[in-house]
Amino acid sequence: MTIPIIFSIIAVIIVYLQKYKIRHSLEMSFILMTLLSALRFNFGNDYPEYLDLFNLLTAEKFSLGIYGDPGWHILCRLFSPLGYESLIACVSFFLGYAYYKTIKRYVPSHLQWLSMFIYVFDPNLWLLQQSMLRQSIVAAI
């Protein structure tokens with residue numbers, strides 16, 4: 001948990017540097033947090049369960065009738081040739097982009113550091129997204 005806290009502090013500081021006319025600081029901080037999310041391994045409460053579910057859904061003998069979430073099944077099937085890590089990376093990039101666009105569009109630039117602080121330090125936002133992949137996609141949409 002130390003590494004995500006350090007990365008979160010760095011991300012907030014980078015956005016705060018917008019005050020000193022440093023360009024693209026919001027983009028840099030979201031890239032930093034998205035890369036941390038995309039390159040994680042076994043970080044998040046549900047990580048092993050999602051890995052087991054991915055392996056189950058991508059098994060050759062599996063049929064859709066057993067499992068009731070067709071959207072997640074299709075997503076897992078699309079990423080089955082590339083592996084579970086590629087699914088995690090793609091979901092992380094999608095979530096990072098969705099929240100970046102929301103903050104960029106609706107938050108004034110002088111308060112973007114505060115919105116980044118809330119995003120990375122509120123346990124119901126960035127941290128919870130690391131555990132609840134399916135629900136995070138729906139929330140970002």
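Below is a summary of the structure that appears in this document. (Residues numbered from 1 in each chain as written. Predicted model: local features only at pLDDT ≥ 70, side-chain atom pairs only at ≥ 80, totals over all residues. Heavy atoms only, no water.)

### Quick notes on the overall build of the chain
Looking only at helices and strands, one finds eight helices and zero strands in the chain. Along the first, second and third principal axes, the C-alpha atoms of the chain reach 60 × 30 × 25 Å. Going through the 141 residues of the chain one by one, you find that 40% of them count as buried. Averaging the positions of the 10 positive and the 8 negative side-chain charges in the chain gives two centres separated by 16 Å. (Helix = DSSP H or I, 4+ residues; strand = E, 2+ residues; numbered from the N terminus. Buried < 20%, exposed > 50% of the residue type's maximum accessible area, 1.4 Å probe, protein only. Lys, Arg positive; Asp, Glu negative; His and termini not counted. Charge placed at Lys NZ, Arg CZ, Asp CG, Glu CD.)

### Some points on the nonpolar core
Counting residues in each nonpolar core, the largest one holds 31 residues, and the members touching the most others are Phe 30, Trp 72, Tyr 84, Leu 87 and Met 116. At the level of secondary structure, the elements contributing two or more residues to this core comprise helix 1 (2-16), helix 2 (25-38), helix 3 (47-57), helix 4 (70-79), helix 5 (84-106), helix 6 (112-121) and helix 8 (133-140). Counting residues per element, this core draws most heavily on helix 5, at nine residues. Each residue touching Met 116, except ones within four places of it in the same chain, is listed here: Ala 11, Val 12, Val 15, Ser 29, Phe 30 and Met 33. (Core = buried A, V, L, I, M, F, W, Y, C linked by side-chain atoms within 4.5 Å. Contact = heavy atoms within 4.5 Å.)

### Observations regarding the pattern of salt bridges
With the rule as written, the count across this model stands at one salt bridge. A salt bridge links Glu 27 to Lys 104, with the shortest nitrogen-to-oxygen separation between them at 3.5 Å. Linking Glu 27 in helix 2 with Lys 104 in helix 5, this pair joins segments that are 77 residues apart in sequence. Accessibility expressed as a relative area gives 38% for Lys 104, which makes it partly exposed. (Salt bridge = Lys/Arg side-chain N within 4 Å of Asp/Glu carboxyl O.)

### Describing the packing of helix 2 against helix 5
Here helix 2 crosses helix 5 at 155°, and the two axes come no closer than 9 Å. In terms of orientation, helix 2 lies roughly antiparallel with respect to helix 5. Along this stretch, helix 2 crosses helix 5, giving a crossing that reads as right-handed. Residues Leu 26, Glu 27, Phe 30, Thr 34, Leu 35, Ser 37 and Ala 38 of helix 2 touch helix 5, and the partners they reach there are Ile 88, Ala 89, Ser 92, Phe 93, Gly 96, Tyr 99, Tyr 100, Ile 103 and Lys 104. (Axes fitted to C-alpha atoms, helices over the stretch in contact; angles between N-to-C directions. Parallel < 35°, antiparallel > 145°, perpendicular 65-115°, else oblique. Left-handed = near helix turned anticlockwise from the far one by under 90°.)

### Re the side chain of Ser 37
Mapped onto the fold, Ser 37 is located in helix 2. With a relative accessible area of 6%, Ser 37 lands in the buried category. A polar side-chain atom of Ser 37 sits 2.9 Å from a polar atom in the side chain of Ser 92. Here the side chain of Ser 37 touches Gln 130 through a polar contact of 2.9 Å, side chain to side chain. (Polar contact = N/O pair within 3.5 Å; in protein donor to acceptor, adjacent residues only side chain to side chain.)

The values reported here are purely geometric and, on their own, carry no functional implication.
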